[in-house]
Amino acid sequence: MDRSDVLIVGGGNAGISLAARLLRDGVREVTVVAPQPVHRYKPLLNYVGAGEATMADLERPMTAVVPAGCTWIRDAVEAVDPDAGTVRTRGGRNLQYSTLVICPGLVEDWEATPGLLQAYADGWMASTYVPGSTPQVWPRLSALRSGSVAFTVPPEPASCGPTALKPLLMACDSWRRAGVLGSLRVRLVLPEATATGIPEADAVLERTFADYGVEVLRETRIERVDWDAHALVLTGGRVLEDVAFAHAVPHYRAPGFVAEAGLSTDASPGLVDVDPETLRSRRHDSVWAIGDAAALGIRSSGGALRKQVDVLSKNLAAAAKGKELSRYDGYTVMPITVSHRKLMLNEVDREGNASPSIPFLDPFVPRRFTWLFDRYGLPQVYWRRLLRGKV
Ligand SMILES: Cc1cc2nc3c(=O)[nH]c(=O)nc-3n(C[C@H](O)[C@H](O)[C@H](O)COP(=O)(O)OP(=O)(O)OC[C@H]3O[C@@H](n4cnc5c(N)ncnc54)[C@H](O)[C@@H]3O)c2cc1C
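This is a predicted model, so every value here is computed, not measured. Here the residue numbering is sequential within each chain, running from 1 through the sequence in written order. Under the rules for a predicted model, residues below a pLDDT of 70 receive no local features and side-chain atom pairs below 80 are neither given nor counted, while totals for whole chains, interfaces and linings still include all residues.

Asker: Give a description of the overall build of the chain that names residues and reports values.
Answerer: Tallying secondary structure elements over the chain gives 11 helices and 22 strands in all. Radius of gyration (C-alpha) of the chain: 21 Å, near the 21 Å computed for a compact globule of 391 residues. Over its C-alpha atoms, taken along the principal directions, the chain stretches across nearly 65 × 45 × 35 Å. Counting every position in the chain, which comprises 391 residues, the buried fraction comes to 48%. Any pair of residues counts as being in contact when their C-beta atoms, constructed from backbone geometry, are within 7 Å of one another. In the chain, once contacts between residues fewer than 6 apart in sequence are set aside, the share between residues at least 24 apart is 64%. Each helix corresponds to a stretch of at least 4 residues labelled H or I by DSSP, and each strand to a stretch of at least 2 residues labelled E; elements are numbered beginning at the N terminus. In this description the radius of gyration comes from C-alpha coordinates, and the expected globular size is given by 2.2 Å times residues to the power 0.38. Residue burial is a threshold on neighbouring C-beta atoms within 10 Å of the residue's own C-beta, all placed from the backbone, with 20 or more meaning buried, 12 or fewer meaning exposed, and counts in between meaning partly exposed.

In structure tokens form, the structure reads like this:
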């Protein structure tokens, strides 16, 4: 049986940046289990959906991002036995760990919305959240000249859900500049009463929706998709008919092995049950979790991982020496474009108070330079610093 000091499940933003940071901190045996051959910088998916980036801008081979000194097992974790301190992979390997960090992100819950998968397969639907379909989004949106179009924000848990507004608002700006916005019926389906739940951000967004003439359908979600009739059936019975194109984001849950191992908050969505401040499992001291799959009581984001990786790496060292654990303040970020080239960062703490990374910069004011930073600056910070453990 293979053995490692720290076994990390998942090779996304969380897994790779944590592995790199631990190796920098002097941890010797770090293993990442991750099945996919490609690593994606997901925030750029929304820019692909707005014609501002290509898939090549956001994809790198895993071999280029796994840090030197880290063992990468190209396989998926299928089961965890926290009492025995072992993991079983789909390929039949058994791995033993001293410390387990669970960060496999979220998986699409296609069954939650009957008809949605068929609509994607049919090509009528596509979204920035389903990478295989993302290259279709901008050609479809930019070709629209009239008719009805629908967008959704996914219900929680979701991966930085409110950023699903980016393709909507960048498309509205583009339609306005093309002189066709008035000929389109644009509808937005929101799971809650407002888009973010942060009053300052929602005030700006409500003005923006009104300015573009976006019809907002609140506290509802897609219950069923009649994909051959191009209709969306919402909870409450309302039906959106003759939709020319729908940017509908699937619902999400954690991978099933978390709940099956008795490590989750509930059976579904089955996020890892951790102390949201120390990031340690409430059920097993040797198990920790960060990222989208962890129940942290925040809207998850890649930006939040900057702080989570720092706290977790300190806590793994502190726990080994029996010292006091550090605490994660719940910082997160939801960058949203309000027009073609203006963006508000929406950086908040766990209570929803402004928590700007640049002191005194109001994170709820849309700015051109924050758009440029989000599109061009942050990807460089991601590849060169975050994935190299320099957080
Ligand atoms: C369209 C989109 C736009 C976004 N925009 C922003 C933004 O503007 N700003 C921002 O801060 N954040 C943004 N995010 C959120 C950010 O990308 C995520 O919060 C971040 O990637 C989470 O990292 P993670 O490692 O937890 O999960 P992921 O990055 O999803 O990585 C999880 C990895 O685990 C692997 N895995 C899954 N199951 C298993 C298994 N059983 N065994 C082993 N490995 C497994 C997966 O293959 C995957 O590689 C966006 C996300 C999306 C989808």
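Structure's up, so let's keep going.
Asker: Lay out the site of the ligand with the relevant residues and their values.
Answerer: Defining nearness, a residue is near a molecule or strand when the C-beta atom obtained from its backbone falls within 6 Å of it. In the vicinity of the ligand, 36 residues are found, and the nearest of them are Gly10, Gly12, Ala14, Gly105 and Gly291. Of all the secondary-structure elements, those providing two or more residues to the shell around the ligand are helix 1 (13-24), helix 2 (45-48) and helix 10 (302-321). Only Asp, Glu, Lys and Arg are considered charged, only Ala, Val, Leu, Ile, Met, Phe, Trp, Tyr, Cys and Pro nonpolar, and every remaining residue, Gly among them, polar. Across the shell around the ligand, the residue classes tally to 18 nonpolar, 16 polar and two charged. Where each domain begins and ends is defined by an automated method or by a domain database. The residue makeup of the shell around the ligand includes at least three contributed by each of domain 1 (2-106 + 254-330 + 383-388) and domain 2 (109-251).

Asker: Kindly report on the sheet that holds strand 11 (residues 184-189), identifying the contributing residues and their values.
Answerer: In this scheme, strands are said to pair when DSSP sees at least two bridges between them. Strand order in the open sheet made by the four strands is 12-11-10-16, with parallel pairing throughout. The open sheet has two edge strands, strand 12 (215-217) and strand 16 (243-247), and neither has a second partner. The sheet shows a mean angle of 20 degrees between the axes of neighbouring strands, taken without regard to direction. Bridge count for strand 10 (residues 147-152) against strand 16 is four bridges, and the pairing is parallel. If you follow Phe151 over to strand 16, its bridge partner there is His247. Axis lines are fitted to C-alpha atoms, over the contacting stretch for helices. Their N-to-C directions set the angle, which ranges from 0 to 180 degrees.

Asker: Can you tell me about the packing of helix 1 against helix 10, naming the residues and giving the values?
Answerer: The N-to-C vectors of helix 1 and helix 10 enclose an angle of 35 degrees; their axes lie 10 Å apart at closest approach. In terms of crossing hand, the pair formed by helix 1 and helix 10 is right-handed. Contacts from Asn13, Ala14, Ser17, Leu18, Arg21 and Leu22 of helix 1 reach helix 10 at Gly302, Leu305, Val309, Leu312 and Ser313. Tallied by class, residues from the contact of helix 1 with helix 10 come to six nonpolar, four polar and one charged. By the definition used in this description, the sense in which the near helix is turned from the far one sets the handedness, with an anticlockwise turn below a right angle giving left-handed and a clockwise turn giving right-handed.

Asker: Please provide a residue-by-residue account of the sheet that holds strand 15 (residues 239-240), values included.
Answerer: Ordered by their spatial adjacency, three strands build an open sheet running 13-14-15, and the pairing between neighbours is antiparallel. The strands lining the two open edges of the sheet, one partner per strand, are strand 13 (222-226) and strand 15. Note: strand 14 (residues 231-234) against strand 15, two bridges, orientation antiparallel. Considered in strand 15, the bridge of Val233 is made with Val239.

Asker: How would you summarise unusual backbone geometry if you had to cite specific residues and measurements?
Answerer: Here Glu156 and Pro157 are connected by a cis peptide whose omega angle stands at 0 degrees. Along the chain, the position of Pro157 falls in the loop between strand 10 and helix 7 (165-178). Positioned with a positive phi, Cys160 is a non-glycine residue whose angle comes to about 50 degrees. Along the chain, Cys160 turns up in the loop between strand 10 and helix 7. Within the chain, His230 stands out as a residue other than glycine whose phi angle is a positive 55 degrees. Since 19 C-beta atoms lie within 10 Å of it, His230 is described here as partly exposed.

Asker: Can you tell me about the domain arrangement of the chain, naming the residues and giving the values?
Answerer: Domain parsing of the chain yields domain 1 (2-106 + 254-330 + 383-388) and domain 2 (109-251). The gap between the C-alpha centroids of domain 1 and domain 2 is 30 Å. The interface of domain 1 with domain 2 comprises 17 residues on the first partner and 18 residues on the second. For the side of domain 1 that touches domain 2, the element with the highest residue contribution is helix 2, accounting for three residues. In terms of residue class, the side of domain 1 that touches domain 2 is made up of seven nonpolar, six polar and four charged.

Asker: Talk me through the nonpolar core; I want residue IDs and the actual numbers.
Answerer: Formed by 123 residues in total, the largest nonpolar core has its most connected members in Val101, Val272, Ala289 and Ile290. Per-element tally for this core: the top contributor is helix 7, with seven residues. Each of two domains, domain 1 (2-106 + 254-330 + 383-388) and domain 2 (109-251), supplies a minimum of three residues to this core. Setting aside anything within four residues of it in sequence, one finds Val101 in contact with Val6, Ile8, Val9, Leu18, Trp288, Ala289 and Ile290. Buried Ala, Val, Leu, Ile, Met, Phe, Trp, Tyr and Cys residues whose C-beta atoms connect them within 7 Å together make up a nonpolar core.

Asker: Go over the pairing of strand 11, please, and point to the residues and values.
Answerer: Of all six residues in strand 11, five are buried, a share of seventy percent or more. Where strand 10 lies against strand 11, six bridges are found, and the strand directions are parallel. Across the sheet, Ala150 pairs through a bridge with Arg187, a residue of strand 11. Seen with the strands pointing away from the viewer, any crossover whose path from the first strand over the helix to the second strand runs clockwise is right-handed. The parallel pair strand 10 and strand 11, bridged by helix 7, forms a crossover whose chirality is right-handed.

Asker: Give me the lowdown on helix 8 (residues 199-212), citing residues and values where you can.
Answerer: Take the number of residues in a helix, subtract one, and multiply by 1.5 Å to get its expected span. For helix 8, spanning 14 residues, the distance from its first C-alpha to its last is 20 Å, which sits close to the expected 20 Å at 1.5 Å a residue. Those residues of helix 8 lying buried are Ala201, Leu205, Thr208, Phe209 and Tyr212. Across the axial projection of helix 8, the buried residues extend over an arc of 100 degrees, all falling on one side. What points out from helix 8, more than 90 degrees from its buried face, is the exposed set Pro199, Ala203, Arg207 and Ala210. In this structure, the buried residues of helix 8 make contact with helix 7, strand 11, strand 12, strand 20 (336-339) and strand 21 (342-344). With its phi angle positive at about 75 degrees, Gly213 sits one or two positions after the end of helix 8. Comment: arc refers to directions from the helix axis out to C-beta atoms.

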